[in-house]
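# Examining the three-dimensional arrangement
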Amino acid sequence: MDMKTNHASPVLTDPAPMNKSRLGMHSSLLPYSQPGAAFSSSLYLAIPRKKPGKLDDVLSNGWLDAMKSSSPPRKKFLKEINDVPSGDTDVPYYSWLVKYPSALKSFEQITAVAKNKKIAVFLDYDGTLTPIVDDPDRAIMSNAMRSAVRNVAKYFPTAIISGRSCDKVYELVGLTELYYAGSHGMDIMGPVRNSASGDHPNCIKSTDQQGKEVNLFQPASEFTSMIDEVFRTLVESSKDIKGAKVENHKFCASVHYRNVDEKSWPTIAQCVHDVLKDYPRLRLTHGRKVLEVRPEIDWNKGKAVEFLLESLGLSNSDNVLPIFIGDDRTDEDAFKVLRQGNLGYGILVSPVPKESNASYSLRDPSEVLEFLKSLGRWKKLSSL
């Protein structure tokens, strides 16, 4: 099949951190009374199909700007973490908290809504259950976090939805009682249940690493060989870029530039550009210091949440409260699904103000840990 094309590929970026001029005081602490966050159409950038090998491709089409906006310099990011919140004079952060209240300080409000409802918990991995680190292989979840997630899973259906491969995130978390969804929801593994989702043509029965029967749902299964090919090409073309790391997540390929000198960012962007231009069925998205090549299909973390709720028999019910906790731009699809129709709560993990479809916020994984522990304690006490 001839995969070449003259059409442009969409590029998605992380919401830019909010500055003082874009922040305003919100009139209510009720999350659902606030309008959903709108994302500028400027976040969707076209990739001109020029001759490969010219750095002006990524300089002129906005790729480099997108990389910088979604990946603030490390020194600046660390300063923001240390400065927020710094005290009563930090008006932008506290104004932002009015719009996205702390899930810890709003815990009683959340549990008041959750009372007599069936809660389902969805969690991102990197930046949520573990801090973002320079080497993705060293993003190891603490024993305390694992214990908190295990305890939550005792009371509520719980799923990890990550950009990593399903097998990798399963290996990192190591809890058999959870659902797992890798590749941003394109590779779902969960317990076998009787539901309409189990009859989906892309849903098959399989066994996990412990021999337990599971359901696998892979809506992008036809792209496996294409992603493998792109992965091998990216590894070869980026091998001379110091600090670059390419990962194959089965249904998407990630090019990490966290350890790449900023002067070489145009080079690594051009490298990805030159590979992607030959694959019109693939698209590029920006994450936190990562470029991700994904299939051009109508599937994301929001769709994964809907699928899992259906598979659990929890869809189309007023008696269900889904909660999704995540830190990345890809989590916004899940936040949006929960906000629409007031289905549940999205909780953004961020130490700095930025626009989001979430209803609440937490600063970092340490606050995620406290929230999960509080959720487990609340359910235990309410069951007495």
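About the thresholds
Residues numbered from 1 in each chain as written. Predicted model: local features only at pLDDT ≥ 70, side-chain atom pairs only at ≥ 80, totals over all residues. Heavy atoms only, no water. Salt bridge = Lys/Arg side-chain N within 4 Å of Asp/Glu carboxyl O. Helix = DSSP H or I, 4+ residues; strand = E, 2+ residues; numbered from the N terminus. Buried < 20%, exposed > 50% of the residue type's maximum accessible area, 1.4 Å probe, protein only. Core = buried A, V, L, I, M, F, W, Y, C linked by side-chain atoms within 4.5 Å. pLDDT = per-residue confidence, 0-100. Contact = heavy atoms within 4.5 Å. Axes fitted to C-alpha atoms, helices over the stretch in contact; angles between N-to-C directions. Parallel < 35°, antiparallel > 145°, perpendicular 65-115°, else oblique. Nonpolar A, V, L, I, M, F, W, Y, C, P; charged D, E, K, R; others polar. Phe/Tyr/Trp six-rings, centres within 6.5 Å; stacked < 30°, edge-to-face > 60°. Expected span 1.5 Å × (residues − 1). Polar contact = N/O pair within 3.5 Å; in protein donor to acceptor, adjacent residues only side chain to side chain.

### A few points about the pattern of salt bridges
Under the counting rule described, the total for this entry stands at 12 salt bridges. Between Arg 281 and Glu 222 there is a salt bridge whose closest N-O contact spans 2.6 Å. Taken together, the positions of Arg 281 in the loop between α9 (265-276) and β11 (282-287) and Glu 222 in the loop between β8 (213-217) and α8 (224-237) put the pair 59 residues apart, joining distant regions of the chain. Its relative accessible area of 31% is what places Arg 281 among the partly exposed residues. Using a relative accessible area of 54% as the deciding quantity, one classes Glu 222 as exposed.

### Digging into the nonpolar core
Counting 56 residues, the largest nonpolar core has Phe 122, Leu 234 and Leu 282 as the members making the most contacts within it. Looking at this core element by element, the count peaks at six residues for α9.

### Points about the confidence of the model for the chain
The pLDDT averaged across the chain works out to 81; a share of 75% of its residues lies at or above 70. Note on residues 19-53: pLDDT under 50 across the span, and 88 contacts to partners over four residues away in sequence or across chains.

### What about the packing of helix α10 (residues 301-311) against helix α11 (residues 332-339)?
Interhelical geometry of α10 versus α11 gives an angle of 50 degrees and a closest axis separation of 6 Å. It follows from the interaxial angle that α10 and α11 lie oblique. Contact residues: α10 offers Lys 301, Gly 302, Val 305 and Glu 306, while α11 offers Asp 333, Ala 334, Val 337 and Leu 338. Residue composition of the contact of α10 with α11, by class: four nonpolar, one polar and three charged.

### Section: the packing of aromatic side chains
The description of an aromatic ring pair uses the distance of the two centres, along with the angle that the planes make with each other. Per the counting criterion, the structure on display carries 13 aromatic pairs. Considering the side-chain rings of Tyr 93 and Tyr 94, the 5.8 Å spacing of their centres and the 80 degrees angle between planes classify their relative orientation as edge-to-face. The class of Tyr 93 is buried, set by a relative accessible area of 4%. When the ring of Phe 122 is compared with that of Phe 324, the centres are 6.5 Å apart and the planes differ by 15 degrees; the resulting orientation is stacked. Here Phe 122 is found in strand β3 (residues 118-123), whereas its partner Phe 324 is found in strand β13 (residues 320-326), with 202 residues between them in sequence. The exposure classification of Phe 122 matches that of Phe 324, with both residues buried. Clustering of aromatic rings is evident, with ring pairs tying together Tyr 93, Tyr 94, Trp 96 and Tyr 100.

### Describing helix α12 (residues 365-382)
The end-to-end C-alpha distance of α12 is 25 Å, a good match for the 26 Å that 18 residues give at a rise of 1.5 Å each. Within α12, burial applies to Pro 365, Val 368, Leu 369, Phe 371, Leu 372, Ser 374, Leu 375, Gly 376 and Trp 378.

### Looking at the side chain of Ser 183
When you line up the elements, Ser 183 lands in the loop between β5 (179-182) and β6 (187-191). A polar contact is formed between the side chain of Ser 183 and the backbone nitrogen of Phe 251, at a distance of 3.4 Å. Residues within four places of Ser 183 in sequence aside, it is in contact with Ser 162, Gly 163, Arg 164, Ser 165, His 249, Lys 250, Phe 251 and Cys 252.

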